[in-house]
Amino acid sequence: MSTLLHLDSSPLGTSVSRELTREFVTAWKSAHPTGVVIYRDLAAKAPPPINAGWIHAAYTPADARNPEQHAAIALSEELIGELERADEYVVGVAMHNFSIPSVLKLWIDQVARKDRTFAYGANGPQGLLAGKKATVLAATGGVYQPGSPAAAFNFAEPYLQTVLGFLGVKDVNVITAGGASKLMSGTVDRTTFLQPTLAQVRARAA
């Protein structure tokens, strides 16, 4: 039985990236009728930032942690458990100031943990989430795709590909709905704007 981890990090409401992830999940369920979807809305409930107590707990062996340390990384363990259980991830992202939403960065800080999702060996770092597959569904106000004049300002996609790859997820596909600012100005119809991107989403989820 396949399991999908569905993460939304865009602001609540009718955001483009949320529409993309909903379509992905619908298509994925159709392709995996017995599959399980784990849903986490990071915008509705953002993870807390890590602090000194969290760091000390994370670097203390599990059998040596005191109750306070176990409590400090309880959410981290829960989030990592979701990554471990899932075979596939879909992440909805709206570009914020050329990068990812702050709530998604908070999530990354909670799950990127030495000896849990990555380790250092004789040949350097090794991701421990090997064999997983990820789809990043992004929405950007402008057009930042490779080859566009503003491509150099897109720090969101390469950052997520780097982080996921560092954790062992090598099969990462990014699908972007670029130019979403046209929806706000009313210069393009929403259905017309989303149609080509939604077709890519369905094909990836199938």
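Residues numbered from 1 in each chain as written. Predicted model: local features only at pLDDT ≥ 70, side-chain atom pairs only at ≥ 80, totals over all residues. Heavy atoms only, no water.

Novice: Got a sec to walk through the packing of helix α1 (residues 16-31) against helix α8 (residues 190-205)? Specific residues and values, please.
Specialist: At a minimum axis separation of 9 Å, α1 and α8 run at an interaxial angle of 40 degrees. Relative to α8, the crossing made by α1 is right-handed. Listed contacts from α8 to Val16, Glu19, Leu20, Glu23, Phe24, Ala27, Trp28 and Ala31 of α1 are Arg190, Leu194, Thr197, Leu198, Val201, Arg202, Arg204 and Ala205. Taken together, the residues that form the contact of α1 with α8 break down as 10 nonpolar, one polar and five charged. (Axes fitted to C-alpha atoms, helices over the stretch in contact; angles between N-to-C directions. Helix = DSSP H or I, 4+ residues; strand = E, 2+ residues; numbered from the N terminus. Left-handed = near helix turned anticlockwise from the far one by under 90°. Contact = heavy atoms within 4.5 Å. Nonpolar A, V, L, I, M, F, W, Y, C, P; charged D, E, K, R; others polar.)

Novice: Give me the pairing of strand β6 (residues 133-140): which residues, what numbers.
Specialist: Burial analysis of β6 places seven of its eight residues in the buried class, which makes it a mostly covered element. Here strand β3 (residues 88-94) pairs with β6 via seven bridges, running parallel. From the neighbouring strand, Glu88 faces β6, where its bridge partner is Lys133. Once you follow β6 into helix α6 (residues 156-166) and on to strand β7 (residues 171-178), the crossover reads as right-handed. (Buried < 20%, exposed > 50% of the residue type's maximum accessible area, 1.4 Å probe, protein only. Pairing = 2+ DSSP bridges. Right-handed = clockwise from strand over helix to strand, strands pointing away.)

Geometric values such as these leave the question of function open.
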